[in-house]
Amino acid sequence: MANEADVFDVIVIGAGPVGENVAKRAVRGGLTAAVVEERLAGGECAYYACIPSKALLRPMGLAAEVSRVPGLELRGPIDAPAVLARRDETVSHLDDGGQVSWIENVPATFVRGRGRLAGPLRVEVTAPDGGVRPLRARHAVVIATGSDPWIPDTPGLREARPWTNREATSVQQVPKRLAVIGGGAVACEMSQALHSLGAQETIMFVRGDRLLARTEPFAGELVAKSFRDSGIDVRFGRSCVRVERPVPGGPVTVHTDDGSVIEADEILVGTGRRAAVGDIGLDTIGLPAVGPIEVDASMRATGVSDGWLYAVGDVNGRNLLTHMGKYQGRICGDVIAARAQGRPDNLRATRDIADDRGAPQVVFTDPQVCAVGRTEARARADGFAVRAVEYDIGAVSGAYLQAEGYTGRAKLVVDEDRRVLLGVTFVGPAVVDLLHSATVAVIGEVTLDRLWHAVPSFPTVSEIWLHLLEEYGL
Ligand SMILES: Cc1cc2nc3c(=O)[nH]c(=O)nc-3n(C[C@H](O)[C@H](O)[C@H](O)COP(=O)(O)OP(=O)(O)OC[C@H]3O[C@@H](n4cnc5c(N)ncnc54)[C@H](O)[C@@H]3O)c2cc1C
Ligand SMILES: NC(=O)c1ccc[n+]([C@@H]2O[C@H](COP(=O)([O-])OP(=O)(O)OC[C@H]3O[C@@H](n4cnc5c(N)ncnc54)[C@H](O)[C@@H]3O)[C@@H](O)[C@H]2O)c1
C-alpha cells in the first residue's frame, strides 16, 4: 500500500532563489509550505552562476580600475589561487546547510529529493536513497526548477565534454588555452574572468556580428574593444562546425566554418539555456513536456484546469535573471495566499508588470553593461514614437575623476507621446549602481520634465543624467 501523503498548503519544486522566495511569501501570507530540492538548496545562482561568476570577475574589474588611476600600481598579476579560494568561500564550499536552515526558519519544510508531479495537486519526491515520498498540496504546486545549459548539436561537441557555466564557475585549474562558443552574458563574463585568471589564449567564436546582441549595439562594441585590447581574440561571424577531443582530458580541436582549426585545453559553451522541465511529470496533468511553462501575470500556468499550478523563475522563460525570478516569486507566493484565503488577488502588487517592460540587467564585464527597458530597436518595433539620445560618459566630470581615459556611453530611449523613458543603457566602468535610478524612472514612468528636477550630485558619474536630459533639449 502506498504511503499516506504529507499535506501542505503549497508545494514548491526547486529551492533556487526563486522557489525559496515563493515559500517565504506564502508562509508570510499564513500558509504552510514544503520546498523540494534534488541538488543544492540555493540553486544554480548560489553555486554555479551569479555568485561564483561575480567572485571570479571582481578582481579583474578592480585591477582594471587600478590600471586607470595614475599613482596606483598592482604589485603583480592577479593571484588566481587566492581568487579561487575566495570563490569557494562565496559558494559555501558547495555546502547548502545555511540555505536549508534559511528555508526551515521561514518556516517551511525542506524535502531533499527529485520532485515530480503525480497528477493534480500531487507531487512524488524520490529521495537520494531511492525512497519515494508522496506529497499533496491543498492549494497550489509551484514549479521553480530553473534552467539547464543548452549545448548545440555541433558534431563532436557533446562527446568532447565541453564546459558549461558549472565547470567554468567551479574551475580549479584555469586552462591556458580556452575556446568559447557564444557571445551572450555567460560567454562574455566567463571569458573575461578566466582570461584574467590565466587563460592567456582565449578565443571567442561569436555566430553573429556583435556581443550581447540583446543590448544597444554600442554596448557590444565597447565590450569587444575592451576584450581585444586585453588580448582576448573575438571572432565574429564564426561558427564551430566540428569539435574533437580524441583523448579524454586531452586537448580539444575546434574547426570553424572558415576552415580554421584551433587547439585549446578546454571549450566553454555559453549558447543559452533551456527550461528544466524534463521528467517533472507535466504529462501527468496533460501539459507538453517542453518548456518554458507559459504563465499569466499572476504566475499561474495557463491551460491547467482549476488553476492550481504555477511556474516561476527561469522555467517560465520570462527573464532568466535572479532578481526578476525573485520578483515573480513574491507575486506568486502572495497570490496563492490571497486565493487560498478568499482575499482579493488582483492588487497591483500581485501582477507582474515589470517583466514585459524590459528587465534591468548588469553584465559584470569591464566595461560594465547596465540596461533596463527597451532598446531603441525594440521600442521602434513595438510601435512607440521614439526619440533616442546618447552621451559620452567620459565627458562627465565625475567619470573623468574616476579614471584616466574613462570610456563609456549612455543612451535614453524616450516615448515622445508621453515624454517618459522606455529604456536606458549605461556602459562603462563604475556604472553598475546607476542602474536602479534608471529602473525607477522607466518602471515608474517618471516624465522627463519631472526627472529634470532630480538633480544629480557633483562630481559623480550620475551627472550623466543631466547631460542626457540636456542633450534631449531640456
Ligand atoms: C554563469 C551565470 C551567471 C549568472 N549571473 C547572473 C547575475 O549576475 N545576475 C542575475 O540576475 N542572474 C544571473 N544568472 C541567471 C540566474 O542564475 C538565474 O536566472 C537564476 O538562477 C534562476 O533562478 P531559479 O530559482 O529560477 O532557478 P535555479 O537557480 O536554476 O534553481 C532551480 C533549482 O531547482 C532544482 N530542481 C530542478 N529540478 C528539480 C526537481 N525535479 N526536483 C527538485 N529540485 C529540482 C535545481 O536543483 C535547482 O536547485 C546567471 C546565470 C549563469 C548561468
Ligand atoms: N550578469 C547577468 O545578469 C548574467 C550573467 C550570465 C547569464 N545571465 C543570464 O543567463 C542566461 C543565459 O546566458 P547565455 O549567455 O548562455 O545565453 P544568451 O541567450 O544570453 O546568449 C547565447 C549566445 O549564444 C549564441 N548561440 C546560440 N546558439 C548558438 C549556436 N548554435 N552556435 C553558436 N552560438 C550560438 C547566441 O548567438 C548568443 O550569443 C541569459 O538569459 C542571461 O541573461 C545573466
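Worth saying up front: this structure is predicted, and the values here are computed from it rather than measured.

(A) Molecular detail of the site of ligand 1. Neighbouring ligand 1 are 34 residues, the closest being E37, K54, G115, D314 and T322. At 2.7 Å from an oxygen atom of ligand 1 is found a side-chain nitrogen or oxygen belonging to K54. Contact with the protein chains removes 93% of the 1,000 Å² of surface that ligand 1 exposes when unbound. Mapped onto the shell around ligand 1, the elements with two or more residues apiece are α1 (17-28), β2 (33-37), α2 (43-48), α3 (50-67), β4 (114-117) and α9 (322-340). Partitioning the shell around ligand 1 into residue classes produces 13 nonpolar, 13 polar and eight charged.

(B) Looking closely at the environment of A63. Tracing the chain through its elements places A63 in helix α3. For A63, a relative accessible area of 14% puts it in the buried group. Taking the C-alpha atoms as reference points, A63 and I78, 15 residues apart in sequence, are found 8.0 Å from one another. Once residues lying within four places of it in the same chain are set aside, the contact partners of A63 are L74 and I78.

(C) Looking closely at the packing of aromatic side chains. For the coordinates displayed, the defined rule picks out one aromatic pair. Between F426 and W465, the ring centres sit 5.9 Å apart and the planes meet at 80°, which makes this aromatic pair edge-to-face. With F426 in strand β21 (residues 420-428) and W465 in helix α14 (residues 464-472), this residue pair connects regions lying 39 residues apart in the sequence. Of the two residues, F426 and W465, neither departs from the other in class, the shared state being buried. Against the face of Y48 rests R166, its NZ or CZ located 4.0 Å from the ring centre. For the cation-ring pair, R274 lies above W150, with the distance from its terminal atom to the ring centre recorded as 4.4 Å.

(D) The arrangement of the site of ligand 2 in detail. By nearness alone, 21 residues border ligand 2, and V186, E189, R214, G272 and V362 come closest of all. G270 is positioned such that a nitrogen or oxygen atom in its backbone is 3.3 Å from an oxygen atom of ligand 2. When ligand 2 sits alone it has 840 Å² of accessible area, and the protein chains cover 78% of it. Every element with two or more residues in the shell around ligand 2 is listed here: α7 (185-196) and β17 (361-363). Residue contributions to the shell around ligand 2 peak at three residues, all from α7. Counted by class, the shell around ligand 2 contains nine nonpolar, seven polar and five charged residues.

(E) A look at the layout of surface pockets. If you add up the space inside the second largest pocket, you get close to 620 Å³. Around the second largest pocket, the lining comprises 24 residues; the ones closest to its centre are A64, Q192, S226, S230 and D366.

(F) Unusual backbone geometry, seen in detail. Of note, the amide linkage connecting D366 to P367 takes the cis form, showing an omega dihedral of 5°. By secondary structure assignment, the location of P367 is in the loop between β17 and β18 (368-373). F458 connects to P459 through a cis peptide bond whose omega is -5°. Its identity as a non-glycine residue notwithstanding, M299 has a phi of 75°, on the positive side. Mapped onto the secondary structure, M299 falls in the loop between β15 (273-275) and β16 (309-311). Residue M299 is classed as buried on the basis of its relative accessible area, which comes to 0%.

(G) Structural view of the UniProt feature "domain: FAD/NAD(P)-binding" (unreviewed entry) in the protein. The residues that UniProt annotates with the feature "domain: FAD/NAD(P)-binding" (unreviewed entry) are residues 8-324. Strand forms 25% of residues 8-324 and helix 28%; the C-alpha atoms that close the span are 26 Å apart.

(H) Representation of the UniProt feature "domain: Pyridine nucleotide-disulphide oxidoreductase dimerisation" (unreviewed entry) in the protein. The sites that carry the UniProt feature "domain: Pyridine nucleotide-disulphide oxidoreductase dimerisation" (unreviewed entry) are, in the present numbering, residues 360-465. Taken end to end, residues 360-465 is 25% helix and 30% strand, and its two terminal C-alpha atoms sit 17 Å from one another.

(I) Quick peek at the sheet that holds strand β14 (residues 266-269). Here we have four strands laid out as an open sheet, ordered β10-β9-β8-β14, and parallel in their pairing. Edge positions in the sheet fall to β10 (233-236) and β14, since each has one partner strand and no second. Neighbour-to-neighbour, the strand axes of this sheet turn through a mean angle of 20°, independent of strand direction. Pairing of strand β8 (residues 177-181) with strand β9 (residues 201-206) involves five bridges; the strand directions are parallel.

(J) Main features of the sheet that holds β18. Reading across from one edge, β17-β18-β21-β20-β19 is the order of the five strands in this open sheet, with antiparallel pairing throughout. In this open sheet, the two edge strands, each paired with only one partner strand, are β17 and β19 (386-392). When strand polarity is set aside, the average angle formed by the axes of neighbouring strands in this sheet is 10°. With seven bridges connecting them, strand β20 (residues 409-415) and β21 associate as antiparallel partners. Within β21, the residue paired with V413 across the bridge is G423.

Parameters at a glance
Residues numbered from 1 in each chain as written. Chains lettered and ligands numbered in written order. Predicted model: local features only at pLDDT ≥ 70, side-chain atom pairs only at ≥ 80, totals over all residues. Heavy atoms only, no water. Near = heavy atom within 4 Å. Polar contact = N/O pair within 3.5 Å; in protein donor to acceptor, adjacent residues only side chain to side chain. Areas by Shrake-Rupley, 256 points an atom, 1.4 Å probe, with all protein chains shown as cover. Helix = DSSP H or I, 4+ residues; strand = E, 2+ residues; numbered from the N terminus. Nonpolar A, V, L, I, M, F, W, Y, C, P; charged D, E, K, R; others polar. Buried < 20%, exposed > 50% of the residue type's maximum accessible area, 1.4 Å probe, protein only. Contact = heavy atoms within 4.5 Å. Phe/Tyr/Trp six-rings, centres within 6.5 Å; stacked < 30°, edge-to-face > 60°. Lys NZ or Arg CZ within 6 Å of the ring centre and 35° of its normal. 1 Å grid on protein atoms, 1.4 Å probe; cavity = no way out; pocket = protein on both sides within 12 Å on 5 of 7 lines; lining within 4 Å. Points joined across faces, edges and corners; volume = space filled by probe spheres on them. UniProt positions renumbered as here; feature names shortened; annotations may be inferred. Pairing = 2+ DSSP bridges. Axes fitted to C-alpha atoms, helices over the stretch in contact; angles between N-to-C directions.

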